Amino acid sequence: MSTLQLRRFGTPGALKTIHLPSLVALLEREGGGYVRARLELVPDPSRFNYDALASVLANPQEGFPVRLVDALHHIHEVADEQGMEAMLELIDERRILLAHLPDKPTPADLAVQLWMVDPELVERVHAARAIAKPKSFLSWLGRGDVPKAAPEPDEATLRALETVFDDYFERRKRGRHSRVFVFHRPEATYFLVRHGLPMDRRGIIRDGESTSSFERPERYDVISYVPARDELNIHARTKGERTLYREQLGQLLFGSKDYFPDDGKYTLAPLVERGIDALACEDIDGIERVSLLEVKLYFAGNAPEVVTRRAMNGDLFEVFDASGFTLAHTPFQASFRVKFVGSKRPRTVKIKAPNVATYTREADEDVVSRWLAARGFLRRAGSDAQAA
């Protein structure tokens, strides 16, 4: 269930953005007796009490219908121009007829009507928007020596995967009811995993009185498989979740939980071995220049320490040359300034060995990965040898 966040629809003005007959139909189906007991549901603007409905939604009481929570949450999340475009594409693709859609619908009107026909499609549009949010992924290379075909899991396989995920999340006190959505893009196949978080209890003000709410928030984890690089990328909160996804996607796609071994994707050794030559990029289409912005070094011993060296201007190797410093230890983290063709300013890319890459823009990942591979910053799965 979605966290009960109905403030968006807690004002009469917001409710009036939805075509009234559509709103009444939604409230009748998803709100049931709870809503009918608190106001008269009539599709007549002169008689419909928007203020009363706003109060019902802004102050949910015990027994507030779960389906109405989910409906309003997802409708709100997709009710904008980008969401409307995504919904229209799905409607055209699947030849869906929305018989009660007004002639000049708002995004909210379209979302309500699509929810009434097929709630899962609205959930799918909402899930797809989560792909663009994370810019930091942990990555693992597969054991294959050649590019793989994009995976095509069927519905039965996805439902079985959800059962495995449910068992894990239930053990971690996060409830069941996970969902897996699959999206195919030219560069990768994305798996969106929606699941619950630990229950959240907090003090709230309701009808002027201090009380509490007890709800389970939701979260979307993003996983992508890049066939051209035989690479799995995961954006999730905990190590346990990342291990779960890495092993289960390996089993699902290639029949082995160990297909994506946990032995590291990145190495920063080329910075020590090749110095400034490791930043060469003339052979990489899309990149004009790469400079080293920052490195972090770990020194063990009786008094372990982390040392950060950062260039305020220019390239860090130039700073090293000017100061007589030699980079003799392999950093565990490095930040690069990358000037892309057609961009006005460089953008930062951070690599933290063995598995973390962070991009200013997710779209930078493909070209940067080609540069990292060409300069030897990528390891081959199951081997300590650097990629050529």
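Refer to the preceding data block for the structure.
Residues numbered from 1 in each chain as written. Predicted model: local features only at pLDDT ≥ 70, side-chain atom pairs only at ≥ 80, totals over all residues. Heavy atoms only, no water.

*Asks:* Provide a residue-level description of the overall build of the chain, including the pertinent values.
*Replies:* Secondary structure assignment for the chain yields twelve helices and twelve strands. Projecting the C-alpha coordinates of the chain onto the three principal axes gives extents of approximately 80 × 45 × 45 Å. By the burial criterion, 48% of the 388 residues in the chain qualify as buried. Within the chain, contacts between residues separated by at least 24 positions form 64% of all contacts whose residues are at least 6 apart in sequence. Taking the average place of the 55 positive charges on the side chains of the chain and the average place of its 57 negative ones, the gap between the two points comes to 3 Å. (Helix = DSSP H or I, 4+ residues; strand = E, 2+ residues; numbered from the N terminus. Buried < 20%, exposed > 50% of the residue type's maximum accessible area, 1.4 Å probe, protein only. Contact = heavy atoms within 4.5 Å. Lys, Arg positive; Asp, Glu negative; His and termini not counted. Charge placed at Lys NZ, Arg CZ, Asp CG, Glu CD.)

*Asks:* Outline the pattern of salt bridges, listing residues and values.
*Replies:* Inspection of the entire model under this criterion finds 23 salt bridges. In this structure, the salt-bridge partner of E123 is R179, at a minimum N-O distance of 3.2 Å. Note that E123 is positioned in helix 7 (residues 119–129) and R179 in strand 2 (residues 179–184), a separation of 56 residues in sequence. As far as the burial class goes, E123 and R179 line up, both buried. Measuring nitrogen to oxygen at the nearest pair gives 3.8 Å for the salt bridge that ties R194 to E123. Of the two residues, R194 sits in strand 3 (residues 189–196) while E123 sits in helix 7, which places them 71 residues apart along the sequence. You can call E123 buried: its relative accessible area is 7%. Residues joined by salt bridges that share partners form a network here, namely E120, E123, E155, R159, E162, R179 and R194. (Salt bridge = Lys/Arg side-chain N within 4 Å of Asp/Glu carboxyl O.)

*Asks:* So what about the sheet that holds strand 1 (residues 136–141)? Which residues, and what values?
*Replies:* Taken together, ten strands build an open sheet; the order of strands is 2-3-6-7-1-12-11-10-8-9 and the sheet is antiparallel. Unpaired on one side and paired on the other, strand 2 and strand 9 (305–310) mark the two borders of the sheet. Mean inter-strand twist for the sheet, computed between neighbouring axes without regard to direction, equals 20 degrees. Pairing of strand 3 with strand 6 (residues 218–226), which is carried by eight bridges, proceeds in the antiparallel orientation. Looking at strand 6, one finds that T189 is bridged to Y225. (Pairing = 2+ DSSP bridges. Axes fitted to C-alpha atoms, helices over the stretch in contact; angles between N-to-C directions.)

*Asks:* Quick one: what's the story with the environment of Q61, residue by residue and with numbers?
*Replies:* Counting through the fold element by element, Q61 comes out in the loop between helix 3 (50–58) and helix 4 (66–78). Exposure remark for Q61: the relative accessible area of 32% places this residue in the partly exposed category.

*Asks:* Provide a residue-level description of helix 8 (residues 155–171), including the pertinent values.
*Replies:* The terminal C-alpha atoms of helix 8 lie 25 Å apart, and with 17 residues this matches the ideal 24 Å at 1.5 Å per residue to within 8%. Along helix 8, the residues classified as buried are L158, L161, E162, F165, D166, Y168 and F169. Buried residues of helix 8, viewed axially, fall in a sector of 165 degrees; they line one side. Facing away from the buried side of helix 8 by more than 90 degrees, the exposed set consists of A156 and R171. Tucked into the core, helix 8 has its buried residues touching strand 2, strand 3 and helix 9 (239–254). K173, located one to two residues past helix 8, shows a positive phi value of around 60 degrees. (Expected span 1.5 Å × (residues − 1). Arc of directions from axis to C-beta.)

*Asks:* How would you sum up unusual backbone geometry? Please name residues and give values.
*Replies:* Following A353, the chain continues to P354 via a peptide bond in cis, the omega torsion being 10 degrees. Note that P354 resides in the loop between strand 11 (347–352) and strand 12 (356–359). For K173, which is not a glycine, the phi torsion comes out positive at approximately 60 degrees. With respect to the helices, strands and loops of the structure, K173 is situated in the loop between helix 8 and strand 2. The class for K173 is exposed, based on a relative accessible area of 64%.

*Asks:* I'd love a proper account of the packing of helix 5 (residues 81–94) against helix 7, names of residues and values included.
*Replies:* With their axes 10 Å apart at the nearest point, helix 5 and helix 7 run at an angle of 130 degrees to one another. Between helix 5 and helix 7, the interaxial angle falls into the category oblique. Where helix 5 crosses over helix 7, the two elements pack in a sense that is right-handed. Judged by residue contacts, Q82, G83, A86, M87, L90 and R94 of helix 5 engage L121, R124, V125 and R129 from helix 7. (Parallel < 35°, antiparallel > 145°, perpendicular 65-115°, else oblique. Left-handed = near helix turned anticlockwise from the far one by under 90°.)

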